[in-house]
Amino acid sequence: MPSKTFKALVVEEIEKGKFTRAIQERFIEDLPDGEVLIKVRYSSLNYKDALSATGNKGVTREYPHTPGIDSAGVVEESDAPKFAPGDKVIVHGYDLGMNTSGGFAQYIRVPTDWVVRLRENLSLKESMMYGTAGFTAAMSVKKLLDHGTVTNDGEILVTGATGGVGSFAVALLALEGFSVVAATGKTEQANYLKSLGASKVISRDEVNDDSGKPLLTRRWAGVVDTVGGVPLSTAIRSTDYEGTVTTCGNAAGAHLDLTVYPFILRGVSLLGVDSANYPMKIRQPLWEKIATDWKLEMLDEMTRECSLADISGEIDRILDGKQVGRVVVDLWD
């Protein structure tokens, strides 16, 4: 019987340091080992996917490769008793789309320990409207709340606010009743950010202090940082007494230029956020919260949809810093 084929975005290194990407036909048998075969209905675009799609060896070591760290679909085959054909599931993080064939394909095969069962009141498409970005924002907000940040403490800063993580952080913080200040390099998107619940929109220049001063004027009760670098350093040095800062990205730089003074003179707490390897025992409950208390009404306003055939152009957009919100990929359009 002929082997079953499916469509996937495949990135190839045609010569050293030169990469191409194209939609190709692949065989199910070529997928990596795993207990669960999933027919992927939707994926979503993240900055890490764009890096993988352009040959970043720090993300993906070997090519040819199919990126896509997010996927939502239906179990087609399962060797694990936990899942059965027809189950609606999500897979994101772990090694998916990095060195394991990812969600920019109509099928994936993964270990059962990577698979999250989808709640009935969250559709496959809605789950990818959140995806890794929304999940990371939810983790960040949860860490602020768990660390004792409350609404009357003062303003909460979100950096990189028009990005996927930033947009969801603004919306979730506003949903929790916080006064949110959104910092962005795209101030022309102020109306978009205010529609998500931001009480104020500021230029990223206001949180980009490279003076070297160990402490700055106290402004923030808490911070959700999505970009790293100088904005993160500025935010930490501007955080009020006993404030909490979460950080999850490095688009503005991986280096952090600081003294210990914000921590020992103001009691600031810096909490790292890593969604890729977040343990399943707390991953599943957080998805359940996203599907209930944190299910946002403005998901359509925060996302755009594209087909697999159009994903290459969207990759270029995110690399050029032109993306706003989230891009959902329909694998069967």
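Use the structure listed above.
Quantities reported herein were computed from a predicted structural model and do not represent experimental measurements.

The rules behind these values
Residues numbered from 1 in each chain as written. Predicted model: local features only at pLDDT ≥ 70, side-chain atom pairs only at ≥ 80, totals over all residues. Heavy atoms only, no water. Helix = DSSP H or I, 4+ residues; strand = E, 2+ residues; numbered from the N terminus. Rg over C-alpha atoms; globule rule 2.2 N^0.38 Å. Buried < 20%, exposed > 50% of the residue type's maximum accessible area, 1.4 Å probe, protein only. Contact = heavy atoms within 4.5 Å. Areas by Shrake-Rupley, 256 points an atom, 1.4 Å probe, with all protein chains shown as cover. Lys, Arg positive; Asp, Glu negative; His and termini not counted. Charge placed at Lys NZ, Arg CZ, Asp CG, Glu CD. Arc of directions from axis to C-beta. Polar contact = N/O pair within 3.5 Å; in protein donor to acceptor, adjacent residues only side chain to side chain. Salt bridge = Lys/Arg side-chain N within 4 Å of Asp/Glu carboxyl O. Axes fitted to C-alpha atoms, helices over the stretch in contact; angles between N-to-C directions. Parallel < 35°, antiparallel > 145°, perpendicular 65-115°, else oblique. Left-handed = near helix turned anticlockwise from the far one by under 90°. Nonpolar A, V, L, I, M, F, W, Y, C, P; charged D, E, K, R; others polar. Patch = residues over 30% accessible without salt bridge, like charges linked within 9 Å, V, L, I, M, F, W, Y side chains within 5 Å. Phe/Tyr/Trp six-rings, centres within 6.5 Å; stacked < 30°, edge-to-face > 60°.

Focus: the overall build of the protein chain
Then, number 1: Within the protein chain one finds 9 helices and 15 strands.
Then, number 2: Taking 333 residues into account, the globule formula puts the C-alpha radius of gyration at 20 Å, and the protein chain, at 20 Å, falls close to it.
Then, number 3: Expressed as lengths along the three principal axes of its C-alpha atoms, the size of the protein chain is roughly 70 × 45 × 35 Å.
Then, number 4: In the protein chain, which comprises 333 residues, the share counted as buried stands at 52%.
Then, number 5: Look at the contacts in the protein chain between residues 6 or more apart in sequence, and 69% of them connect residues 24 or more apart.
Then, number 6: In the structure as shown, the protein chain presents an accessible area of about 14600 Å², 47% of it carried by carbon and sulfur atoms.
Then, number 7: Put simply, the protein chain has 36 plus and 45 minus side-chain charges, and the middle of one group is 2 Å from the middle of the other.

Quick look at helix H9 (residues 311–319)
Then, number 1: All of the buried residues along H9 are Ile311, Glu314, Ile315 and Ile318. Taken down its axis, H9 places every buried residue within 105 degrees of arc, on the same side.
Then, number 2: At its buried positions, H9 is contacted by strand E1 (5–15), strand E2 (18–27), helix H1 (47–53), strand E14 (303–307) and strand E15 (326–330).
Then, number 3: With its phi angle positive at about 75 degrees, glycine 321 sits one or two positions after the end of H9.

Points about the side chain of threonine 132
Then, number 1: Position of threonine 132 relative to the elements: it lies in helix H2 (residues 124–146).
Then, number 2: A polar contact of 2.4 Å, which involves the side chain of threonine 132, links it to the side chain of aspartate 70.
Then, number 3: Threonine 132 has contacts with Asn46, Ile69, Asp70, His92, Gly93, Ser275 and Arg326, leaving out every residue within four places of it along the chain.

A short note on the pattern of salt bridges
Then, number 1: Under the definition given, this model contains 16 salt bridges.
Then, number 2: Overlapping salt bridges, with partners in common, bring together Arg304, Glu314 and Arg317 in one network.

Topic: the packing of H2 against helix H3 (residues 164–175)
Then, number 1: Remark: H2 packs on H3, axes separated minimally by 8 Å, with the N-to-C direction vectors making an angle of 50 degrees. With respect to their mutual orientation, H2 and H3 come out oblique. For the element pair H2 and H3, the recorded crossing hand is right-handed. Side by side, H2 and H3 meet where Met129, Tyr130, Ala133, Gly134, Thr136, Ala137, Ala138, Val141 and Leu144 of the first sit next to Gly164, Val165, Phe168, Ala169, Leu172 and Leu173 of the second.
Then, number 2: The class makeup of the residues in the contact of H2 with H3 is 12 nonpolar, 3 polar and no charged.

Describing a nonpolar patch on the surface
Then, number 1: A cluster of nonpolar residues, Val260, Tyr261, Ile264 and Leu265, forms a patch on the protein surface that exposes about 400 Å² of accessible area.
Then, number 2: The residue tyrosine 261 is located in helix H6 (residues 261–265) in this model.
Then, number 3: Here tyrosine 261 falls in the partly exposed class, since its relative accessible area comes to 39%.

Some points on the environment of lysine 7
Then, number 1: Structurally, the position occupied by lysine 7 is in strand E1.
Then, number 2: C-alpha separation for the pair lysine 7 and isoleucine 23, spaced 16 residues apart in sequence, amounts to 6.5 Å.

Quick word on the packing of aromatic side chains
Then, number 1: This structure, assessed with the given rule, holds 7 aromatic pairs.
Then, number 2: Each ring, one from phenylalanine 135 and one from tyrosine 278, has its centre 5.7 Å from the other, and the planes form 75 degrees; the classification is edge-to-face. Placement of the pair is phenylalanine 135 in helix H2 and tyrosine 278 in the loop between strand E13 (269–272) and helix H7 (280–291), with a sequence separation of 143 residues. Of the two residues examined, phenylalanine 135 and tyrosine 278, each falls in the buried class.
Then, number 3: Considering the side-chain rings of phenylalanine 135 and tryptophan 287, the 5.5 Å spacing of their centres and the 20 degrees angle between planes classify their relative orientation as stacked. Separated by 152 residues along the polypeptide, phenylalanine 135 in helix H2 and tryptophan 287 in helix H7 bring together distant segments of the chain.
Then, number 4: Judged by its relative accessible area of 0%, phenylalanine 135 is buried.

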